[in-house]
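# Structural characterization, general
In case you want the letters, here they are:
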Amino acid sequence: MPYNFYFTFYGLAIFFIRTVCLLFFQLEICVSHAQNCPESAFVQPENWEGDTHHFEFNNTNASLNAEGPGRSIIFNKIGDNIGYIELTVSMDFPPSSSNRLLFGLTNNSDLGEVNDKLTFSIGQSGSNDGLIVSSVSKGIEKNLDTIRFVDFGEGASAVKIGVGLGENALTIVLNDRYSVDVKIPDTIRLRSLMWFFIQCEYTKTRSDKFHFGPLYFVDKKEDLISDLLGLGELLISEFYLHSGENFWFLEIYNNTESDQCISNLSLHSEQGEIRLPGLSLKPFQYSVVTNKKDFVDIPESINLFVIDAGNLILGKWISLFQKEQLLHQMIIPDTFNFEGGKTLELVDTGQPCRIIGNYKASKFKLGTAGTENSWFILTDEISKPELISNSSDKLEIIWPYLIDDLSFFTSFMSANKPFRIITNEYLKNRLEIIPEKGYQFTAGDWIRVNGNYVSSCNEYAGLMDTTFILQFPRSPNQNELKITEVMFDPTPGCPEYLEITNTSKELIKGNNLVIGNMNENYPLELIETLTPERSYVLTRDIEHFSSCYPQAEMSRVFECKIMRLNNMGMNIELLVGKDLIVEKIEYSPDDHNPFLEDSKGISLERDLSGSTSTFWRSGLVQHNYTSPTFLPGIEKYSSIHFSFSSEVISPNGDNYQDQLEISVASGGEAGNLTIEIFNINGHLVNSLVNSSPIQGGEKFYWDGRDHNRKLLEEGIYLFWIYYFDWTGQKNIDKKTCVLSRN
């Protein structure tokens, strides 16, 4: 771990200082006074009171050196402004009720007159303890919590214990990694606890076995934020939630070229706020925050913080803040399902402020916590806002990028009716537009957003010249909704699905649709609205969908109860309500391309272009034979061309013309390809491909060998190339190549 910084929930931090401060078994009192990991002033050991003659200080360290058995206590007056304390402890023996360590805060250096006290003890009842947190108020002792993240069964070897003092709670940080929030009783007056104490209880054989490393006191009045970060500089790079196991983890990424010492971090969701421990991160380094340490496996070099914050309730968004500054935000797709160990990963850190379309399901179970994500870069560009909901009394517009001050766009917005804008404190990429009193939005109204902008992530987000003509969802007419893809015979382990496309240019109501046939019907209640010219997928198993069909836009994939799709074919109807049929199709395995050797894992796609004489065609090879949630572009092919890399090959191992490369170029619809090679006597010596589906852009290779991998004799070889397009049209091409052994 490059640096160690500790923070309370209230922005309190402690920073490692000079090299001398890191010596083992050292006891120093340090108070931080500046930013950027500052050096600190020392309070000398003579400031201790009590049984100081039982301790050996040696200027920079402290060890118990008593003639036991007995009890030894030392005190240091720290005042009422301390916000964070950290003590490093070593005990090379199993703690017990006879040999134990207590430290904490009291209101008096005379324990006989103590009214209020907070105590942290190791060894209260044996090796199964952990760290016991207790309080005394008005003579009444109360056990507040037992923290078991660190096992003291065999003792303690340089265990770091940090205590952050909040208004009504303690933040306990153990070994830089585990953080727990402990509520303080209302009767405890923190401002009165001005004395810090260390108490050792020991038998004779343990009277010299207590050792202490650095002790830090941090003044809570100091501004201990080393860096105030900006939007897009600290990122939510991965998130996972397992509601059944009450477990979640969040990966945070330093997206800057500088070391960062960061406090005052918090997560906000629709359900509330969770305070985070402070983070110390090198440039482009990850840190992981979780509520259960044993559920996530990360590299030892990565900061792991375990916080006792229960379950992070899943909503539609999670925002990362430093004080009031938004740093990053994750928008969780409505249809994303964490079941099956899927995590949401940030795809492109080069576009940190793009949040729409920049998260995908990890390629690996339980994701890549603390390591490079399984996705790296986005190739598509989006810059325009989108109208995501509209009603007569409110519109909601969402931008694909995070923007510090969306109200700035007021000057770039106009409409045919007067309006006002409401921004969201936590969602920095959306605006609510409310008609002024006495007005309502109706169909045909318009609102325009105009102007260029650069987000505060220093990303140019493009021209925002967009006009929205208001529509309100209506019921579909005949032939407006079409079933455009059927996956009835998927690859083993992958789900079946149906694709529905709104071919109209208007919003269509989806929550009154029914899918079925004469024997069974299933309401599609999850799809509220179908956007114009968009495709939506229905499946019974969304858990495996994204890994089987990674090209799909998962925000338009819905898990719902639908009929099983018969491999022998069937009829399917799409209805409005129970009676009005708006779409009816029939499919059969015979609808696949007849030249396919095996159609398993290949969908049937609706031909909406009229480029073929059939209703269906097999999925295109360029999209891995499936295209859920989108319609692949269709053009009528007019020609196909084959080119050879050379007229002569000489497979002698000199890396020059050792093999023939056959390239396929196509300007139109794909088909199937067969390439057969004959010798000069007309004998078939090899078949490079046999009825292979192609789309154009493929390359095939011949190294001068026959079908038994035997090198052929020198001579001229004839290539017969058969190409069948999707309509059954056959094209034959003949080429020659000379095989030389020189």
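Preceding this paragraph is the structure being described.
Residues numbered from 1 in each chain as written. Predicted model: local features only at pLDDT ≥ 70, side-chain atom pairs only at ≥ 80, totals over all residues. Heavy atoms only, no water.

### Concerning the overall build of the protein
The helix and strand tally for the protein stands at 1 helix and 59 strands. The buried share of the protein, reckoned over its 742 residues, is 54%. A total accessible area of about 33100 Å² is found for the protein, and carbon and sulfur atoms account for 46% of it. (Helix = DSSP H or I, 4+ residues; strand = E, 2+ residues; numbered from the N terminus. Buried < 20%, exposed > 50% of the residue type's maximum accessible area, 1.4 Å probe, protein only. Areas by Shrake-Rupley, 256 points an atom, 1.4 Å probe, with all protein chains shown as cover.)

### Focus: the packing of aromatic side chains
Tallied over the full model, the rule gives 23 aromatic pairs. Seen from their ring centres, Tyr536 and Phe558 are 6.4 Å apart, and the 35° between their planes marks the pair as tilted. Residue Tyr536 is found in strand β46 (residues 535-539), and its partner Phe558 is found in strand β47 (residues 557-559); the two are separated by 22 residues along the sequence. For Phe558, a relative accessible area of 13% gives the class buried. (Phe/Tyr/Trp six-rings, centres within 6.5 Å; stacked < 30°, edge-to-face > 60°.)

### Brief notes about unusual backbone geometry
Trans peptide bonds make up the majority, and among non-glycine residues the majority have a negative phi. We note that Glu533 has phi near 55°; this positive angle belongs to a residue other than glycine. One non-glycine residue, Thr629, lies in the positive phi region at around 75°. Accessibility expressed as a relative area gives 2% for Thr629, which makes it buried.

### Digging into the state of the cysteines
Enumeration over the complete set of coordinates arrives at 1 disulfide. Across the disulfide from Cys494 sits Cys548; the S-S distance is 2.2 Å. Residues Cys494 and Cys548 are joined by a disulfide whose S-S torsion is about -90°; by sign, that bridge is left-handed. One end of the pair, Cys494, is in the loop between β40 (481-487) and β41 (497-502); the other, Cys548, is in helix α1 (residues 545-548), and 54 residues separate them in sequence. (Disulfide = S-S within 2.5 Å.)

### Overview of the pattern of salt bridges
Across all of its chains, the model carries 15 salt bridges by this definition. For the salt bridge of Lys584 with Glu573, the shortest nitrogen-to-oxygen distance reads 3.8 Å. Note that Lys584 is positioned in strand β49 (residues 580-587) and Glu573 in strand β48 (residues 570-576), a separation of 11 residues in sequence. Classification of Lys584 as exposed rests on a relative accessible area of 52%. (Salt bridge = Lys/Arg side-chain N within 4 Å of Asp/Glu carboxyl O.)

### Digging into the pairing of β48
Burial runs high along β48: 6 of the 7 residues are buried. Of the strand pairs in this sheet, strand β43 (residues 513-516) and β48 are connected by 4 bridges, and their pairing is antiparallel. Counted as the bridge partner of Gly516 is Glu573 from β48. When β48 meets β49, the two strands line up antiparallel, connected through 7 bridges. (Pairing = 2+ DSSP bridges.)

### Topic: the nonpolar core
Of all hydrophobic cores here, the largest spans 48 residues; its most connected members are Leu101, Leu170, Phe196, Ile198 and Phe212. Setting aside chain neighbours within four positions, we find Phe196 in contact with Trp48, Ile74, Phe75, Asn76, Ile78, Ile85, Phe103, Gly104, Leu105, Leu215 and Phe217. Tyr253, Ile298, Ile302 and Ala369 belong to the second-largest nonpolar core, a separate cluster that totals 42 residues. (Core = buried A, V, L, I, M, F, W, Y, C linked by side-chain atoms within 4.5 Å. Contact = heavy atoms within 4.5 Å.)

### A word on the environment of Ile680
Within the element layout of this structure, Ile680 appears in the loop between β55 (671-678) and β56 (684-694). Taking the C-alpha atoms as reference, Ile680 lies 6.1 Å from Tyr717; in sequence the two are 37 residues apart.

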